Amino acid sequence: MIRVYVSIGSNINRTQHINACLDALHLHFAPLVLSPVYESESVGFAGDNFYNLVAGFDTQLSVAALAQVLRNIEEANQRDRSGPRFSARTLDIDILTYGNAVGVVDGVQLPRPEIVENAFVLLPLADIAGEERHPLLQQTYARLWQDYDRAQQNLWVTPFGWRPH
């Protein structure tokens, strides 16, 4: 089994789509380790605030098979890929890490560069995997968060009450 961390975000019907995503992930990969849900301003475009969190789970799937499952969950939640890269979305699920894999694996860049670029990825990852080390930088996620320039992005914990069905 490989430990995987994925980021989850939504700024369209946020509660509905995050709940649907967590239900689907739970169905495929339970048990899940979940960070708190954070609300943050949109980055790269003017839009509604996002809900973001990170989920950790173990899988035997390859990176390609996992990416397909995640894409299917996005599509089941009406993800529209026709717009610009930075735009509103019902659901966005990205593989952050796949064990200690480094490089492009099955078309997926690992670890995902956004880990150290975006507070809404790094903080939730540090919350649930703080003592684990970034596969390239070899620093813990807690240390990376401690050193992160927090003035770049505002985010705050938001109450969220998902329960597995």
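Our structure is the block above this text.
(A) Layout of the overall build of the chain. When you go through the chain residue by residue, the secondary structure sums to 5 helices and 8 strands. Ordered by position from N to C terminus, the α and β elements of the chain give β-α-β-β-β-α-β-β-β-α-α-α-β. Taking 2.2 N^0.38 as the reference for a compact globule, 165 residues should give roughly 15 Å; the C-alpha atoms of the chain span a radius of gyration of 15 Å, in line with that estimate. Considered along the principal axes of its C-alpha atoms, the chain spans approximately 40 × 35 × 30 Å. The buried share among the 165 residues of the chain stands at 48%. Taking the contacts inside the chain whose residues are at least 6 apart along the sequence as the reference set, 67% of them involve residues at least 24 apart. Of the side-chain charges in the chain, 12 are positive and 18 negative, and the distance between the mean point of each set is 1 Å.

(B) Structural context of the nonpolar core. Within the largest apolar cluster, 27 residues are counted, with the highest numbers of intra-cluster contacts made by Val6, Ile8, Leu25 and Ile95. Elements supplying a minimum of two residues to this core: strand E1 (2–10), helix H1 (14–29), strand E4 (50–59), helix H2 (63–76), strand E5 (92–98) and strand E7 (108–110). No other element matches H1, which puts 6 residues into this core. Setting aside anything within four residues of it in sequence, one finds isoleucine 95 in contact with Val4, Tyr5, Val6, Val63, Leu66, Ala67, Leu70, Val108, Leu110 and Arg112.

(C) Looking closely at the pattern of salt bridges. Inspection of every chain in the model, using the stated rule, returns 6 salt bridges. For arginine 71, the salt bridge is made with glutamate 75, and the minimal N-O distance between the two is 3.4 Å. One end of the pair, arginine 71, and the other, glutamate 75, are both in helix H2, 4 residues apart, so they sit about a helical turn from each other. Residues arginine 112 and aspartate 94 are paired through a salt bridge, measuring 3.6 Å at the closest nitrogen-oxygen approach. Of this pair, arginine 112 sits in the loop between E7 and helix H3 (114–117) while aspartate 94 sits in strand E5, and the two are 18 residues apart along the sequence. The class of arginine 112 is partly exposed, set by a relative accessible area of 22%.

(D) Molecular detail of unusual backbone geometry. Here the amide bond leading from alanine 30 into proline 31 is cis, since omega sits at 5 degrees, within 30 degrees of zero. Backbone torsion omega between leucine 110 and proline 111 reads -15 degrees, so that peptide bond is classified as cis. Note on placement: proline 111 falls in the loop between E7 and H3. With a phi close to 45 degrees, asparagine 13 is a non-glycine residue in the positive phi region. Looking at the element boundaries, asparagine 13 is found in the loop between E1 and H1.

(E) Spotlight on the packing of H1 against H2. Viewed as axis vectors pointing N to C, H1 and H2 meet at an angle of 145 degrees, and their least axial separation amounts to 10 Å. Pair H1 / H2 crosses with right-handed handedness. Across from Cys21, Ala24, Leu25, His28 and Phe29 in H1, the residues of H2 making contact are Leu66, Val69, Leu70 and Ile73.

(F) Representation of a nonpolar patch on the surface. On the surface, a nonpolar cluster with roughly 320 Å² of combined accessible area is contributed by Val102, Val116, Leu136 and Leu137. One can find valine 102 in the loop between E5 and strand E6 (103–105).

(G) Broad picture of the environment of leucine 27. Take leucine 27: it is sitting in helix H1. The class for leucine 27 is exposed, based on a relative accessible area of 70%. The sequence separation of leucine 27 and alanine 55 amounts to 28 residues, and the corresponding C-alpha distance is 13 Å.

Here is what the cut-offs are and how they apply
- Residues numbered from 1 in each chain as written.
- Predicted model: local features only at pLDDT ≥ 70, side-chain atom pairs only at ≥ 80, totals over all residues.
- Heavy atoms only, no water.
- Helix = DSSP H or I, 4+ residues; strand = E, 2+ residues; numbered from the N terminus.
- Rg over C-alpha atoms; globule rule 2.2 N^0.38 Å.
- Buried < 20%, exposed > 50% of the residue type's maximum accessible area, 1.4 Å probe, protein only.
- Contact = heavy atoms within 4.5 Å.
- Lys, Arg positive; Asp, Glu negative; His and termini not counted.
- Charge placed at Lys NZ, Arg CZ, Asp CG, Glu CD.
- Core = buried A, V, L, I, M, F, W, Y, C linked by side-chain atoms within 4.5 Å.
- Salt bridge = Lys/Arg side-chain N within 4 Å of Asp/Glu carboxyl O.
- Axes fitted to C-alpha atoms, helices over the stretch in contact; angles between N-to-C directions.
- Left-handed = near helix turned anticlockwise from the far one by under 90°.
- Patch = residues over 30% accessible without salt bridge, like charges linked within 9 Å, V, L, I, M, F, W, Y side chains within 5 Å.
- Areas by Shrake-Rupley, 256 points an atom, 1.4 Å probe, with all protein chains shown as cover.

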